[in-house]
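# What the coordinates show
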Amino acid sequence: MAEKSDIYYTLEKTSEGFIKDRGSKFYAYAFPTISIDEVETALADIRKLHNKARHHCYAYRLGTDGNNFRANDDGEPSGTAGKPILGQFDSFNITDVLIIVVRYFGGTLLGTGGLIQAYRTAAEEALKAANIIEKTLKNRYYIHFDYSLMAPVMNAVKKLDLEVLGQTFEESAYISVAIPISVSENQLNLFKANVLGISFDQVDADTKIGGMKIVPF
């Protein structure tokens, strides 16, 4: 079972929000995303969709350590757009997300406080409409093995209920599995013990099995 340290939250799919303030219209889009390339693609698409808008402000956060993020005001006064959008990531406890808020100026200046409130609220509306899902951080491994080990390997995978990502049984055999980070070492040792038919306390990270290689990827 995954521990809390393995759990994070993100969006299942793109969601949208909209607000209007003193004539200005704010269209918000929240995207699940895992890379800068995806961020740039989404920004290009929204800029094309709203090519007459004055501002395309955004913020994103990638990964679970909290260090990969950016907030952009796109011409609005410094700190009035990107940061309020980014603040919603903490409010909703999410990551691997990009939020873009497009503004069409309505002829009335909103002032610093008004802009902060408007961008924050637009981003919030998009996230309220989203389906936030729980995900688990996992390590992934290739397990290469001789066909003589087929039965104990497959029995161990089934007994431990390992998540199988793929498998190949041709000239050589291998399976790929995913294991929650917090229990990876323990589960691999249990796997080895089951394949060898010995007790858990007889194996450790250095235990080798002839005809088998376990490789992280």
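Remember, it's a predicted structure, so these values are computed and weren't measured experimentally.

The subject of this paragraph is the packing of helix α4 (residues 150-160) against helix α5 (residues 184-196). As a packed pair, α4 and α5 sit with axes 9 Å apart at the nearest point and diverge in direction by 135°. For the element pair α4 / α5, the angle class is oblique. Two packed elements cross with a definite hand, and for α4 against α5 that hand is right-handed. For the pair α4 and α5, contact is made by Pro152, Val153, Ala156, Val157, Lys159 and Leu160 and by Gln187, Leu190, Phe191, Asn194 and Val195, respectively.

The five strands lie next to each other as β2-β3-β6-β4-β5, forming an open sheet whose pairing is antiparallel. The open sheet has two edge strands, β2 (15-21) and β5 (68-72), and neither has a second partner. Going across the sheet, the axis of each strand differs from the next one's by a mean of 15°, ignoring polarity. Running over the sheet, helix α1 (residues 36-49) touches β3 (24-32), β4 (55-62) and β6 (97-104) and is turned about 160° from β4. Packed on one face of the sheet, helix α3 (residues 111-128) meets β2, β3, β4 and β6 and runs near 150° to β2.

Once that is clear, we can look at α5. Between its first and last C-alpha, α5 extends 18 Å over 13 residues, near the 18 Å set by a 1.5 Å rise per residue. On its buried side, α5 packs onto β8 (138-145), α4, β10 (173-180) and β11 (212-216). Positive phi appears at Gly197, one or two residues downstream of α5, with a value of about 70°.

Each value, and the rule that gives it
- Residues numbered from 1 in each chain as written.
- Predicted model: local features only at pLDDT ≥ 70, side-chain atom pairs only at ≥ 80, totals over all residues.
- Heavy atoms only, no water.
- Axes fitted to C-alpha atoms, helices over the stretch in contact; angles between N-to-C directions.
- Helix = DSSP H or I, 4+ residues; strand = E, 2+ residues; numbered from the N terminus.
- Parallel < 35°, antiparallel > 145°, perpendicular 65-115°, else oblique.
- Left-handed = near helix turned anticlockwise from the far one by under 90°.
- Contact = heavy atoms within 4.5 Å.
- Pairing = 2+ DSSP bridges.
- Expected span 1.5 Å × (residues − 1).

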